[in-house]
Amino acid sequence: MIFERMEHEDYEQLVFCHDKTSGLKAIIAIHDTTLGPALGGCRMWDYASEEEAIDDVLRLAKGMTYKNAAAGLNLGGGKTVIIGKPDQKSEFMFRALGRYVNSLNGRYITAEDVNTTVQDMDYIYEETPYVTGISESYGSSGNPSPKTAYGVYISMKRTAKEAFGDDSLKGKKIAVQGVGNVAYTMCEYIHDEGAELIVTDINEDSVQRAVDNFGAQAVGIDEIYSVDADIFAPCALGGILNDETIPQLKVKAVCGSSNNQLKEIAKHSKMLQDHGIVYAPDFVVNAGGVINVADELQGYNEERATKKIEEMYDQIGKIFDIAKRENITTAEAADRLAEERIEGYKNVSSTFSLHNKSLIETRKNK
Ligand code: NAD
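Conventions adopted
Residues numbered from 1 in each chain as written. Predicted model: local features only at pLDDT ≥ 70, side-chain atom pairs only at ≥ 80, totals over all residues. Heavy atoms only, no water. UniProt positions renumbered as here; feature names shortened; annotations may be inferred. Phe/Tyr/Trp six-rings, centres within 6.5 Å; stacked < 30°, edge-to-face > 60°. Buried < 20%, exposed > 50% of the residue type's maximum accessible area, 1.4 Å probe, protein only. Lys NZ or Arg CZ within 6 Å of the ring centre and 35° of its normal. Domains from an automatic or database assignment. Salt bridge = Lys/Arg side-chain N within 4 Å of Asp/Glu carboxyl O. Near = heavy atom within 4 Å. Polar contact = N/O pair within 3.5 Å; in protein donor to acceptor, adjacent residues only side chain to side chain. Areas by Shrake-Rupley, 256 points an atom, 1.4 Å probe, with all protein chains shown as cover. Helix = DSSP H or I, 4+ residues; strand = E, 2+ residues; numbered from the N terminus. Nonpolar A, V, L, I, M, F, W, Y, C, P; charged D, E, K, R; others polar. Contact = heavy atoms within 4.5 Å. Pairing = 2+ DSSP bridges.

Within an unreviewed UniProt entry, the label attached to the protein chain reads Leucine dehydrogenase, and the organism entered is Abyssicoccus albus. Listed in UniProt under the heading Sequence similarities (unreviewed entry), the comment for the protein chain reads: "Belongs to the Glu/Leu/Phe/Val dehydrogenases family."

This is the structure we're talking about:
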């Protein structure tokens, strides 16, 4: 059954990692390394069954292939899941995992994810260089949220251009769902450009902070969908673009940081399109953090990482162009962009063999 699934969705490798002493039970999935090493985080979760863990790691690894490719990174897609409750963690569990990651010799690079921390990545770093999101003192890029926020802002400008013919956010009304880590910084950029903010959050302090600092208008949790605004920025939860909410939207565009915004990808991206709403695909919009962390692999340089995040403007533009060219939704177009990049690179890599690749890499990093 597993090979059938791997063949059907073209997975490269699935690695089961066990360490009796620390209790480590982990699965590493590598979906595709055409563009480069597979980069994707390490999640710890108390899965109800091994099947559920396998399912999750395969789904997440494939998602990373598409995210990294659509973001224009030279990285493939992979992921790790550790089966267990976060309170079962230990230094030796992560060091044991680090050894397994190291055994893949750079085919897979790990990072933080749900229920794993910078400290956990530091333990992995004791055993392997193939880890990002480590402590800043080791040369890490630090908290990814501000960079994710900057990427959402850049994406929003390109989305505004698509929806309104002009990328300026000045005078635009932006409805923000959830003003947490990412959205607060995003609101700062939007506010500085002269947009009006309408915000909601289940946390009253977060709302108050946006009201005090950006003059935002606060609305109730369920009101955010139907407010009179130009752009809706979902920055809290998944599944919030659905049969109930889409008909309420008065905006002309959706662009926000949260993952899996569409309850059903095909159905609800089409529904948005039919309502004349430009949808900027979430996994591309929120790629600023992964673009930033990927720069660590070359020795972190903030200026270079920021420039790469600014290139998201063109990546989002390409998605809108593909959608129009192929007469498909922007969600489908984002997948198409990723697939075209992977296919395109297959041709390049077949042109000739790079015997001096290590020399080229060394020079590029200077
Ligand atoms: P966060 O927890 O700091 O912020 C989320 C905010 O949403 C919180 O303030 C929370 O109170 C609020 N919220 C929760 N339920 C809500 C509801 N029903 N209605 C309104 N507000 C609600 O998280 P974050 O790091 O800012 O991430 C926001 C989203 O972006 C998440 O979906 C996350 O997966 C995604 N994302 C984040 C990053 C990153 O770098 N942090 C990268 C990629 C994607």
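A. Geometry of the packing of aromatic side chains. Tallying each qualifying case throughout the model produces six aromatic pairs. An angle of 70 degrees between the planes, with centres 5.8 Å apart, marks the rings of Y225 and F232 as edge-to-face. Here Y225 falls in the buried class, since its relative accessible area comes to 11%. Among the aromatic residues, those joined into a cluster by ring pairs are Y150, Y153 and Y189. The ring centre of F164 lies 4.7 Å from the NZ or CZ of K172, which sits over that ring. Its guanidinium or amino end placed over the ring of Y184, R209 lies 3.7 Å from that ring's centre, counting from NZ or CZ.

B. Representation of the domain arrangement of the protein chain in the model. Annotation of the protein chain at the domain level lists domain 1 (2-63 + 76-131) and domain 2 (145-331). For domain 1 versus domain 2, the distance between C-alpha centres works out to 29 Å.

C. Structural context of the pattern of salt bridges. What the rule picks out here adds up to 26 salt bridges. For E311, the salt bridge identified is with K308, shortest N-O distance 3.5 Å. By relative accessible area, K308 is classed as partly exposed at 27%. Here the salt bridges do not stand alone but share partners, grouping R5, E9, D55 and K62 into one network.

D. The site of the ligand, seen in detail. Close to the ligand lie 19 residues, the nearest being T148, N181, V182, D201 and S257. Here a nitrogen atom of the ligand and a side-chain polar atom of S145 are 3.1 Å apart. At 2.9 Å, a side-chain N or O of S257 approaches an oxygen atom of the ligand. Starting from 820 Å² of accessible surface for the ligand in isolation, the protein chains cover 72%. Listed by contribution, the elements that provide at least two residues to the shell around the ligand are α5 (145-164) and α6 (181-192). Here the shell around the ligand is composed, by residue class, of eight nonpolar, 10 polar and one charged.

E. Representation of the environment of G106 in the model. On the secondary structure map, G106 appears in the loop between α3 (91-103) and β6 (108-109). Judged by its relative accessible area of 16%, G106 is buried. For G106 and E12, which are 94 residues apart along the polypeptide, the C-alpha to C-alpha distance reads 14 Å.

F. Summary view of the environment of I309. Secondary-structure assignment places I309 in helix α11 (residues 302-310). Taking relative accessible area as the criterion, I309 reaches 0% and is therefore assigned buried. Taking the C-alpha atoms as reference points, I309 and I291, 18 residues apart in sequence, are found 6.6 Å from one another. Once residues lying within four places of it in the same chain are set aside, the contact partners of I309 are K147, Y150, G151, I154, G288, I291 and N292.

G. Spatial organisation of the pairing of strand β1 (residues 13-19). Relative to strand β2 (residues 24-32), β1 is paired through seven bridges, and the arrangement is antiparallel. Its bridge partner being in β2, L14 is matched across the sheet by A29. Between β1 and β2, which pair antiparallel one after the other, the connecting turn spans four residues, and G23 there sits at a positive phi close to 80 degrees.

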